[in-house]
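Architecture at a glance
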Amino acid sequence: MNQQNKPFAITLDVGSSHLNKTGSWRSMRPEYVDRLPPCNKACPSGEDIQGWLSLTEEKKYHQAWQLITRDNPFPAVMGRVCYHSCEGACNRGQLDLPVGINSVERFIGDQGLINNWQFSAGTDTGKKVMIIGSGPAGLAAAYHLRRLGHAVTMFEAAVKPGGMMRYGIPKYRLPREKLNAEIDRVLDMGVDIRLNQRVDDIEQTRREGGFDAVLIAIGAQHSRHLEFAGEPSIPIIDALTVLRDTELEKHNRLVGRVVVYGGGNSAMDVARTAIRMGARDVTVVARQEQQHLTAHRFEIKEAVEEGTRLMTLHSITAINGNELTLEKLKPGDSHPVATGETETFSADVLVLAVGQDVDESVLENSPDLAVENGVIAVDERLQTKSPGIFAAGDAAPSQRNVTSALGQGKKAARAIHAFLNGSLYQPAPQHEVVEFNMLEPWYYADAPRTAQPHLEAVRRKNGFAEVVGDLDSEHATYESRRCMSCGNCFECDNCYGICPDNAIKKLGPGKGFEFKYDYCKGCGMCEAECPCGAIRMVAEEI
Amino acid sequence: MLQQISGSIAVAEAIALCRPEVIPCYPITPQTHIVEHLSELIKSGQLKGCTYENVESEFASLSLCIGSSGAGARTYTATASQGLLFMMEAVYNASGLSLPIVMTLGNRAIGAPINIWNDHSDAMSARDAGWIQLFVESNQQAVDVHIQAFRLAEALSLPVMVNMDGFILTHAVTRIDIPNQQQVDGFLPPLVPRQQLDVRAPITIGAMVGPDAFTEVRYLAHHAQKQALAVIEQQAAEFEQIFGRDSGGLVKYYGNENAEIVFVAMGSVIGSLREMQRQTAEEGIDFGILSLRSFRPFPAQVISLALGKAKSAIVFEKSFAVGMGGVLTSEVHMATEANDLKIHSVIGGLGGRSITIKSLRKLLDAALKNELPNETFMDLDTATVEREIERQQDQASGPVAENILRDVGVVSASKTH
Amino acid sequence: MSDSNSQTVKFYQTGTFTVGNRLLDESLRTVQATTERSNSIDSGHRACQGCGQALGARYALDAAMRATDNNIIAANATGCLEVFTTPYPETAWSIPWLHSVFGNAAAVGSGMAAALKARGDTTTRVIAQGGDGGTTDIGFGCLSGMFDRNDDVLYICYDNGGYMNTGVQRSSATPPAARTATTMPLGDNPGSSFDTGKFLPAIALAHEIPYVATASVHDLHDLERKVEKAMSFHGARYIQINVPCPLGWGSEPAHTIRLARLAVESGLWPLFEGERGEVTDSTKIRYQVPVEDYLKLQKRFAHVFKPENLDQLEAIRALALKNIRRYHLV
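Residues numbered from 1 in each chain as written. Chains lettered and ligands numbered in written order. Predicted model: local features only at pLDDT ≥ 70, side-chain atom pairs only at ≥ 80, totals over all residues. Heavy atoms only, no water.

1. Some thoughts on the interface of chain C and chain A
- Listed by partner, the interface residues are 55 residues for chain C and 56 residues for chain A.
- For the pair chain C and chain A, the summed buried surface comes to about 4,900 Å²; carbon and sulfur atoms form 53% of the total.
- The interface formed by chain C and chain A holds 3 salt bridges in total.
- The salt bridge involving Arg261 of chain C is made with Glu440 of chain A; its shortest N-O contact spans 2.9 Å.
- On the surface where chain C and chain A come into contact, there are 31 residue pairs in polar contact (both at pLDDT 80 or more).
- With 5 residues, the single largest contributor to the side of chain C that touches chain A is helix α10 (residues 256-265) of chain C.
- Of the residues in the side of chain C that touches chain A, the class split is 21 nonpolar, 22 polar and 12 charged. (Contact = heavy atoms within 4.5 Å. Buried area = accessible area lost by both parts, 1.4 Å probe. Salt bridge = Lys/Arg side-chain N within 4 Å of Asp/Glu carboxyl O. Polar contact = N/O pair within 3.5 Å; in protein donor to acceptor, adjacent residues only side chain to side chain. Helix = DSSP H or I, 4+ residues; strand = E, 2+ residues; numbered from the N terminus. Nonpolar A, V, L, I, M, F, W, Y, C, P; charged D, E, K, R; others polar.)

2. Quick notes on the sheet that holds strand β16 (residues 375-377) of chain B
All names here are of chain B.
- Judged by pairing direction, the sheet is mixed, and its 6 strands sit side by side in the order β10-β12-β11-β14-β15-β16 without closing on themselves. The sheet is open, and its two edges are formed by β10 (251-254) and β16, each paired on a single side. Strand after strand, the sheet turns through a mean of 20° between neighbouring axes, direction not considered.
- The pairing of strand β14 (residues 312-317) with strand β15 (residues 342-347) spans 6 bridges and is classified as parallel. Looking at β15, one finds that Ala313 is bridged to Ile343. (Pairing = 2+ DSSP bridges. Axes fitted to C-alpha atoms, helices over the stretch in contact; angles between N-to-C directions.)

3. Details of the environment of His314 of chain A
Residue and element names in this part refer to chain A.
- Relative to the elements of secondary structure, His314 occurs in strand β12 (residues 314-320).
- The exposure class of His314 is buried, given its relative accessible area of 9%.
- When the C-alpha atoms of His314 and Val191 are compared, they prove to be 48 Å apart, with 123 residues separating the residues in sequence.
- When sequence neighbours within four positions are dropped, the list of residues in contact with His314 reads Tyr261, Val285, Ala286, Arg287, Leu326, Glu327, Lys328, Leu329 and Glu343. (Buried < 20%, exposed > 50% of the residue type's maximum accessible area, 1.4 Å probe, protein only.)

4. A word on the confidence of the model for chain B
- Overall, the prediction assigns chain B a mean pLDDT of 94, with 95% of residues at 70 or greater.
- In the model, residues 411-417 of chain B has pLDDT below 50 throughout and makes 7 contacts with residues more than four positions away in sequence or in other chains. (pLDDT = per-residue confidence, 0-100.)

5. So, unusual backbone geometry
- Along the chain, Thr29 of chain B connects to Pro30 of chain B via a cis peptide bond; the corresponding omega equals 10°.
- Here Pro30 of chain B lies in the loop between β2 (22-25) and α2 (32-43).
- A cis amide bond links Tyr88 of chain C with the next residue in sequence, Pro89 of chain C, at an omega value of 10°.
- By the element assignment, Pro89 of chain C lies in the loop between α3 (80-85) and β2 (97-99).
- Its identity as a non-glycine residue notwithstanding, Arg400 of chain A has a phi of 60°, on the positive side.
- Counting through the fold element by element, Arg400 of chain A comes out in the loop between β19 (389-391) and α14 (402-420).
- By relative accessible area, Arg400 of chain A is classed as partly exposed at 30%.
- Notably, Asn39 of chain C is not glycine yet its phi reads approximately 50°, a positive angle.
- When you line up the elements, Asn39 of chain C lands in the loop between α1 (6-11) and α2 (52-67).
- By relative accessible area, Asn39 of chain C is classed as buried at 12%.

6. Considering the packing of aromatic side chains
- One pass over the structure, following the stated rule, counts 34 aromatic pairs over all chains.
- Each ring, one from Trp93 of chain C and one from Trp97 of chain C, has its centre 5.3 Å from the other, and the planes form 15°; the classification is stacked. You'll find Trp93 of chain C and Trp97 of chain C in the same group, each marked buried.
- Seen from their ring centres, Phe147 of chain C and Tyr238 of chain C are 5.7 Å apart, and the 80° between their planes marks the pair as edge-to-face. In this pair, Phe147 of chain C sits in helix α6 (residues 140-149) while Tyr238 of chain C sits in strand β6 (residues 237-242), placing the two residues 91 residues apart along the sequence. The burial state of Phe147 of chain C is the same as that of Tyr238 of chain C; both residues are buried.
- Cluster of aromatic residues (ring-pair linked, three or more members): Tyr32, Tyr496, Phe513, Phe515 and Tyr517 of chain A.
- A cation over an aromatic ring shows up here: Arg29 of chain A above the ring of Tyr517 of chain A, its NZ or CZ 4.1 Å from the ring centre.
- Sitting over the face of the ring of Phe295 of chain B, Arg296 of chain B holds its NZ or CZ atom 4.3 Å from the ring centroid. (Phe/Tyr/Trp six-rings, centres within 6.5 Å; stacked < 30°, edge-to-face > 60°. Lys NZ or Arg CZ within 6 Å of the ring centre and 35° of its normal.)

7. Re the environment of Val467 of chain A
All names here are of chain A.
- Within the secondary structure, Val467 sits in the loop between α15 (457-460) and α16 (473-480).
- Relative accessible area serves as the criterion here: at 1%, Val467 is assigned to the buried category.
- For the pair Val467 and Arg280, spaced 187 residues apart in sequence, the C-alpha to C-alpha distance is 20 Å.

8. Concerning the layout of surface pockets
Residue and element names in this part refer to chain B.
- In this structure, the second largest pocket occupies an estimated 1,300 Å³ of space.
- Gly130, Arg218, Leu220, Ala221 and His222 are, among the 50 residues lining the second largest pocket, the residues nearest its centre.
- Of all the secondary structure elements, the ones that give two or more residues to the lining of the second largest pocket are α5 (88-96), α7 (139-156), α9 (214-243) and α12 (327-335).
- Take the lining of the second largest pocket: its biggest share by element is 12 residues, from α9.
- Along the lines of polarity and charge, the residues of the lining of the second largest pocket split into 26 nonpolar, 14 polar and 10 charged. (1 Å grid on protein atoms, 1.4 Å probe; cavity = no way out; pocket = protein on both sides within 12 Å on 5 of 7 lines; lining within 4 Å. Points joined across faces, edges and corners; volume = space filled by probe spheres on them.)

9. Topic: the state of the cysteines
- The full count for this structure, using the stated rule, is 0 disulfides over all chains.
- Of all cysteine sulfurs in the structure, the one in Cys523 of chain A sits closest to Cys499 of chain A, which takes part in no disulfide; the separation is 6.2 Å. (Disulfide = S-S within 2.5 Å.)

10. Points about the interface of chain C and chain B
- In this complex, chain C contributes 39 residues to the contact, which on the side of chain B involves 37 residues.
- Summing both partners gives a buried area of about 2,800 Å² for chain C against chain B, and 62% of it is carried by carbon and sulfur.
- Our enumeration of links across chain C and chain B arrives at 3 salt bridges.
- For the salt bridge of Arg149 of chain C with Glu56 of chain B, the shortest nitrogen-to-oxygen distance reads 2.7 Å.
- When residues of the side of chain C that touches chain B are traced back to their parent elements, those giving at least two are β1 (72-76), α3, β2, α4 (105-119) and α6 of chain C.

11. Some details on the pairing of strand β6 (residues 213-216) of chain A
Residues and elements named next belong to chain A.
- Where burial is concerned, the two faces of β6 agree: the one with Ala213 and Leu215 and the one with Val214 and Ile216 are both buried.
- Relative to β6, strand β3 (residues 128-132) runs parallel, the two being bridged by 4 bridges. Counterpart to Ile132 in the pairing with β6 is Ile216.
- Of the pairings in the sheet, the one linking β6 to β19 comprises 3 bridges and is parallel in character. Note on β19: the bridge partner recorded for Val214 is Ile389.

12. So, the sheet that holds strand β13 (residues 294-296) of chain B
Residue and element names in this part refer to chain B.
- What the 5 strands build is an open sheet, ordered β4-β5-β7-β6-β13; its pairing is mixed. Bordering the open sheet on either side are β4 (76-79) and β13, each of which pairs with just one other strand. With direction set aside, neighbouring strand axes in the sheet form an average angle of 25°.
- Note: strand β6 (residues 132-135) against β13, 2 bridges, orientation antiparallel.

Shown next, in the form of structure tokens:
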């Protein structure tokens, strides 16, 4: 064929349309963005959940573990006891069920233990920090400070480290070999821990030890008590004591008919512990309606499955002998209100699970450390009014759970690090959060959540075996792959594939894409069809 | 090899010798025997390497030709009359895309009223379609011109329509010399397409052209046809050298070059005129015959030259533009503007009406007496027409129709009888 | 989970229905996910913003190119696709391509196939394509003839439900109630009349050709699978792809794929396959939606939401139900 001799105008050579730069039609231009996934935003420890789920999807477990432990040194622990607000925020929950982030974290945490993956400390800075209390906040702070190269000395009043993780969370939720292994791994970074050593004078200890900064992470160990009318003959004990005694395998007082008063997680923990201790009958009495109980739903569910009886909208008004007088309440505008209607209820032991306060005795010799609303007063950087002295965890204003304590430990470590460097801690600004309506969920396969295997309810009563079983590798992969990667490109090629103008360049694995603005007409289909909301349209400037 | 066969069979044999690769077809009288015979040649294995497609319409037929030719295959089809009209959109398209398709048109009238017999109305309907339109006088020419048509189409990358009078030629059994394969292969080389859909060198054929270049595209098509004038002549000459026969070319002049009266016509009527020419020669009456073998491109200069010595031209045509008159007449007018020539238009042979030598002789005699009107409808049944006009006049306003007839010469012509 | 289920786990992956997916085996990713795709229609074409046809054509042809190791030639009917890709002096086609006239794409394709057959070229394959007007109306005769002769052509109809290039007039593929320039929402029977129109895939199937399928631009995996399957057959094959048209439908350009998806998920565009006269399979609706979700994004259906036209809405629901029942879509 004679190429030169083709008919004029009616026959054209390929590639000639490239001369027509259709980008000039555009009034809006697409841009790639990274948005903040709701799980990451909800995580008190600031984990890059989406990031480590993504690595888990590819079975890169060590990298996933490294990414989790960048923020949280206790994935095996938190994979068991975290209240996983991430899952509550997960956009997938609006499609079918949230991604089982907590169970995947546990899987990754266990991988770390199985493979004996270790932390390494940062280069020594010569700075010394003392931490009072080795609960989640203290240990988290110790971990982060060691990574930053600061020397850490911990003072722990109890015989073992762990604080509420050990003395407040029953074994059936947190097997001790996991807890011990993860704590040891932090201590192995070169943390000097002094057990059984209570600090009575912070300033003095600081001075004597030559510490550059102090973190108070003593928790809230002081159980609240209630006074009841009448003359009780049954033992009235507090929840913390029950849980601590159980951990220490002290004499079991939970026999016969056990009544637990309170609607929080401690109440459920005590009830479930009582069942395991052989109590004949366990009743939780709570003032609130069930949906307003502060205990997490799964805790309530599991407690009821195990045989706990729930009496909501009741208050204990009097105790005579072993007879409790219960008054029925009815829902009110803000709090339940009394109805005047009463009934009696027999009990062999009453456990009060009505909250804890900070043990202020440690502050007695530190007049600068004020207590406000029952906790140590701190600024937004967790620093007390006394320079260089910080407070975190339940002792400071917090949500009072192990997850927020870990997060505060991390935040305190960063604030202390900044203090040690003579600067002020400034958290990085957060990206825009991805809402469900920014996603196109059709592209995600129908993938119901993997139910973690649960010990059958009957078997649970007989001991402290872990109730929630492990995910296997296959399920962890499956579960992690349910993540929709909200707000961050996961290289699904949708934009590249669906552009009617072929105006997107694929840069290769890990490199993402770029728009060819010479040809992009600004139709907005890439934004509309980006499954994860990682593209936005912005007005063109003239 | 000489054979006593019908024009259709002869054409089919000639086509087969041209090694066509694709033949889509749809049956329509009077071309059916051509494609029937080709089907037989292919089914029997005598014609190899050719795909025959019996399609659902003429529009599809020529559309298949467009696809096939676009894909680089030597492609042939045949049609007639209504069929040509039905495929007309594709007719224009094939030439617009410069595709070297060869198509036989078994010339036939166009309805309504439906009429299956010969005239040139179909060919004239495609006169602006951009095809090369060749006319043949005889079945031998039909064979020869089809062979030339492929070479011409492929040399110019233009479609060629070979016009042969329906029934008069297609169905006439005569003695024909069918060339052998070696001769045809020697004359007609394998197709080298000017453009072709080829996965190794993709091109876009059939772009949309706007006002910015449409005039240029049309001008270039016109230019290509003008170029074809020389190629047609040259190929006819070459054909004559190889095959020893005069066939094809732009025009053929028969008779005394100094004749004052010259008939101008296309197709099989040339045979009747030549017969009359032999008869009148015995009487000492002299006239010339100019056979137009190429209607498109229209060889205007050649015609002007051929009529250089004539005083009077009788343009005989088998179709006309209703409301205007003879198409060929006006084109000859245009070609001979510089000549000192009186042009008479004769419309005859419409819808298969026999063209007798007797009737032709009347025309000649009138011309010799200088009584031939500008326009004549040969053998018009004047009585019928007048009666019908009269009947219509009773219902419509009177003089208008008659005036029209007078204008076009019917009334005065009838008065000569 | 037992071993027998581990395949299921592998199937459930983030973004299974996206164009690509880094977790998916490369051989299972779409053609459009690869940088080696043909881009049969390339940048610089003049389709409107968000044109479903530009997309559908690239999807289908690129898939056919992969299925044939880049041995495709194409015939194209007159229409948007032809006009926006080939205004002199620029062509957006990277494949050998020929446009003849409006109503003859199938026949031109047949001619190409005949030429290849005559030459003994079994490698090069032919696709003929056009819009719904060029296919279901003016090109229907040629298409039916191509089916009848079982010519070795895959005909692809890009169905946007009307003559969009000429200014949105009704075709026989225009859905009932839709407003077009020739079926305005006026009088007792606003929009295109119910009980009119034709569903060409079923007519194609009735020709008992080797393969017939419907497809949609929202489900690329399904579309590519069907094109590749079509190319595994010889003889006449037909695929009709629903391609939303922002101009003709009165929809947002960004909603093109969404509309294609909603058409399927509402039951108004059934995805099915058939071979030699029998329906062999249908693609199930994943998340069924009410027809209103689909209709309300299009100005051409705005009138069906008026109180006096609620019977039309009901009739459209009935159409969806009929499809769901007839093609077993749920």
